[in-house]
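Read off the chains here:
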Amino acid sequence: MTHHILVVEDEAKLAKFIELELQYEGYQVSVAPDGFAGLATARESQPDLLILDWMLPGVSGLEICRRLRSTGDKVPIILLTAKDEVSDRVAGLDAGADDYVVKPFSLEELLARVRAHLRRNQEEDPDTLQFADLSLNHSTREVYRGDRLIELTAKEFDLLDYLISHPRQVLTRDQILERVWGYDFMGDSNIIEVYVRYLRLKLEANGEKRLVQTVRGVGYVLRESSN
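Scoring rules and cut-offs
For every chain, the first residue of its written sequence is number 1, and the numbers climb from 1 along that sequence. For a predicted model such as this one, the threshold for reporting local features is a pLDDT of at least 70, and the threshold for listing and counting side-chain atom pairs is 80 or more; totals across whole chains, interfaces and linings nevertheless cover every residue. The side-chain values count all of the structure's non-hydrogen atoms but skip hydrogen atoms and water molecules. Any two of the Phe, Tyr and Trp rings considered here, Trp counted by its six-membered ring, make a pair once their centres fall within 6.5 Å; the pair's planes then place it as stacked at under 30 degrees, edge-to-face at over 60, or tilted in between. For helices the rule is a DSSP run of H or I covering at least 4 residues; for strands it is a run of E covering at least 2, with both sets numbered from the N terminus onward. Buried means the residue's accessible area, taken with a 1.4 Å probe over protein chains only, is under 20% of the maximum for its type, while exposed means over 50%, and partly exposed covers the values in between. It is the directions from the helix axis to the C-beta atoms whose arc is reported. Note on definitions: a residue-residue contact is assigned when non-hydrogen atoms from the two residues lie within 4.5 Å. In protein, a polar contact means a hydrogen-donor-capable atom and an acceptor-capable atom, both N or O and within 3.5 Å, with residues adjacent in sequence counting only if both atoms are side-chain atoms; elsewhere, any N or O pair within 3.5 Å suffices. In this description, strands pair whenever DSSP reports at least two bridges between them. Put simply, a nonpolar core is a bunch of buried Ala, Val, Leu, Ile, Met, Phe, Trp, Tyr and Cys residues held in one set by side-chain atoms that sit within 4.5 Å of each other.

1. Considering the packing of aromatic side chains
Here is step 1 of the chain: For the structure on display, the rule yields three aromatic pairs.
Here is step 2 of the chain: Seen from their ring centres, W54 and Y100 are 6.5 Å apart, and the 80 degrees between their planes marks the pair as edge-to-face. Of the two residues, W54 sits in the loop between β3 (49–53) and α3 (61–70) while Y100 sits in strand β5 (residues 99–102), which places them 46 residues apart along the sequence. Each of the two residues, W54 as well as Y100, counts as buried.

The structure is reproduced here in structure tokens:
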């Protein structure tokens, strides 16, 4: 099945560039030049994924997110923006965006995120959890970073599963030990640090951004770096 992607972007050159690259990857692509056209096209054509600029003539990308989500539309939305403050990221996610790509962006990163979000279909595959370009499937026990399959040991998978099940939530070392290693674990508590290091090496093997963050004196959290 060919996926249909809607690009809502008022910068004509950028919109054309994204359109051509997506078409080269085999996607069906529609382009809307402003917020009103984008919202109408999203409602009429029901695309499989929406790439949405934040700043648009007519209706902002943030408002499009809110309007689509208010009607129960669950289409994956990747927000493109030059805004890179934490408060902006929070505003985008709160409005209903699934992901956030800061301009200027790497085309490879955008394509990887597109693939990751299209691979996740919550209705057909409720066992899949997604965060940024990271996806974890409970039934197959497969983990992907973009389109890269990552081989994890059973305990590494369990640790990542706990983190991705609580995105952006700081988990204490005691919580992680209890959930991942069990109430009766009597080994070295430094085991968490060891496995976090293993996990990072595999998740960042191709130079990807760090997702498993350390909160000093507390524990760990799965979130994108604000740097």
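2. Remarks on helix α2 (residues 35–45)
The α-helix winds at 3.6 residues per turn, so residues separated by three or four positions along the chain end up facing the same way.
Here is step 1 of the chain: Three or more residues of α2 are buried, namely G35, G38, L39 and A42. Axial view of α2: buried residues confined to an arc of 95 degrees, hence all on one face. Exposed side of α2, more than 90 degrees from the buried face: F36 and E44 are the residues found there.
Here is step 2 of the chain: Where α2 is buried, its residues meet β1 (4–8), β2 (28–32) and α3.
Here is step 3 of the chain: With a side-chain oxygen positioned 3.1 Å from the backbone nitrogen of F36, the residue opening α2 is D34.
Here is step 4 of the chain: Directly beyond the C-terminal end of α2, a positive phi value near 50 degrees is found at Q46.

3. What about the pairing of strand β12 (residues 219–222)?
Here is step 1 of the chain: Judged from the two bridges that link them, strand β10 (residues 171–172) and β12 form a sheet pairing that is antiparallel. Across the sheet, residue T172 finds its bridge partner in β12, namely G219.
Here is step 2 of the chain: Across four bridges, the pairing between strand β11 (residues 212–215) and β12 is antiparallel. Its bridge partner being in β12, V212 is matched across the sheet by L222.
Here is step 3 of the chain: Once β11 ends, the chain turns through three residues before running back antiparallel as β12, passing G217 with a positive phi of about 80 degrees.

4. Digging into the nonpolar core
Here is step 1 of the chain: In this structure, L134, V143, L159, L160, L163, I176 and L222 are the most contacted members of the largest nonpolar core, which totals 27 residues.
Here is step 2 of the chain: At the level of elements, β7 (134–137), α6 (154–164), α7 (173–181), α8 (191–203) and β12 are the ones that each hand at least two residues to this core.
Here is step 3 of the chain: Among the elements that line this core, the one with the most residues is α6, at six residues.
Here is step 4 of the chain: Not counting residues up to four positions away in its chain, the partners in contact with V143 are L134, S135, L136, R148, L149, I150, L152, F157 and L160.
Here is step 5 of the chain: Counting residues in each nonpolar core, the second largest holds 20 residues, with L52, I64, A95 and Y100 among its members.

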